[in-house]
Structure formats: structure tokens, C-alpha cells
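If you want the building blocks of each chain, they are given just below.
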Amino acid sequence: MLKRFKNIRLRPLLIHIMITLAYPAVKAWISEYNRLQIFSDAMTIIALLLLILGIFYALYLHGDFDITQFVMKRGTHKGVMESFATYLEDRAQKREEAFNYPLFLGIIYLLAAAVIAYGIL
């Protein structure tokens, strides 16, 4: 994952941040008491969900589902289909350009929730 930091794009990162922080922000805004604690709890839930999704996306980026995708794609296309070796080369090129935003943001949010909850700062 560390070598993929060069693949971070600002626009998708900002979109992911806005979408994932919407629920904790709204939840804290509509509450009457303990807003910071509610924000921290909601952000912990979102962080754990992002970590789970990030682990599955990491498996996808690692190529664990390539044969399944190839077979499904081959079953839906009745015409001429590329070979598996060509398909793997194409997938490897696309994986090199990808970044695992859910895993990255899940780790950041979990650390931020811990800092907010325990008042480390």
C-alpha cells in the first residue's frame, strides 16, 4: 500500500471524505448532548465499515478474484473473448493505477476517533 501513495488523486479523496464524514457530522449536529462523543462513536462505526470494505478491496487489487471475473465476463459475452493471459495483463495495469481509499480512510478515521475519544491532543 505504501508504494501506491503516488496514485492518490485529490478529487476522489475529497469525495470519499465528504461522503464518509456526512453521517457522523449530521449525527453530531442533530444531537442535543455529548456531540463530540456522538461524532467519535459514529466515526468509529464508519471507520470499521471502511476497514472491512478496504480489506475486500485489497483482495480485489491483489488479484484474488480475477479468475471469477474472467469466467463471469466470458459467460456474459457470447462473441469473441480475449485470452486469460491478456485479461490478466489488462487487470494488472488497472490495479497498478488504483489506490485503496476505503482502507486508508478507515485507518485515518479510527485514529482520529481514538484521539477525539481519549482527548490525546
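For the structure, check the block above.
Because the structure is predicted, anything quoted here is derived from the model rather than measured.

(A) Inspection of the packing of helix H3 (residues 66–76) against helix H4 (residues 84–96) at higher detail. Running from amino to carboxyl end, H3 crosses H4 at an angle of 120 degrees, the nearest separation of the two axes being 11 Å. Judged by the angle between their axes, H3 and H4 are oblique. Helix-helix and strand crossings are classified by hand; for H3 and H4 the assignment is right-handed. Residue-level inspection shows Asp-66, Ile-67, Gln-69, Phe-70 and Lys-73 of H3 in contact with H4, the latter providing Phe-84, Tyr-87, Leu-88, Arg-91 and Arg-95.

(B) Representation of unusual backbone geometry within the structure. A positive phi angle is found at Asn-34, which is not glycine, with a value near 50 degrees. Structurally, Asn-34 is set in the loop between helix H1 (10–30) and helix H2 (35–62).

(C) Quick peek at the packing of aromatic side chains. Scanning all chains against the criterion turns up 3 aromatic pairs. A centroid spacing of 5.8 Å and a plane angle of 20 degrees characterise the contact between Tyr-57 and Tyr-60, whose relative ring orientation is stacked. Of the two residues, Tyr-57 and Tyr-60 are both situated in helix H2; the distance of 3 residues between them amounts to about one turn of the helix. The exposure class of Tyr-57 is partly exposed, given its relative accessible area of 28%. Judged by relative accessible area, Tyr-60 falls into the partly exposed class, the value being 23%. Ring-pair connections join several aromatic residues into one group, and the members of that group are Phe-99, Tyr-101 and Phe-104.

(D) Representation of the packing of H2 against helix H5 (residues 101–118). It is the contact of H2 with H5, at a shortest axis distance of 7 Å, that shows an interaxial angle of 155 degrees. The pairing of H2 with H5 is recorded here as roughly antiparallel in orientation. Here H2 runs over H5; the crossing is left-handed. In terms of residue class, the contact of H2 with H5 is built from 20 nonpolar, 4 polar and no charged.

(E) Fine view of the environment of Val-71. In this fold, Val-71 is placed in helix H3. A residue is classified by how much of its surface remains accessible, and Val-71, at 49% relative accessible area, is partly exposed. Taking the C-alpha atoms as reference points, Val-71 and Phe-84, separated by 13 residues in sequence, lie 9.3 Å from one another.

What counts, and at which threshold
Residues numbered from 1 in each chain as written. Predicted model: local features only at pLDDT ≥ 70, side-chain atom pairs only at ≥ 80, totals over all residues. Heavy atoms only, no water. Axes fitted to C-alpha atoms, helices over the stretch in contact; angles between N-to-C directions. Helix = DSSP H or I, 4+ residues; strand = E, 2+ residues; numbered from the N terminus. Parallel < 35°, antiparallel > 145°, perpendicular 65-115°, else oblique. Left-handed = near helix turned anticlockwise from the far one by under 90°. Contact = heavy atoms within 4.5 Å. Phe/Tyr/Trp six-rings, centres within 6.5 Å; stacked < 30°, edge-to-face > 60°. Buried < 20%, exposed > 50% of the residue type's maximum accessible area, 1.4 Å probe, protein only. Nonpolar A, V, L, I, M, F, W, Y, C, P; charged D, E, K, R; others polar.

Structural measurements only, silent on function.
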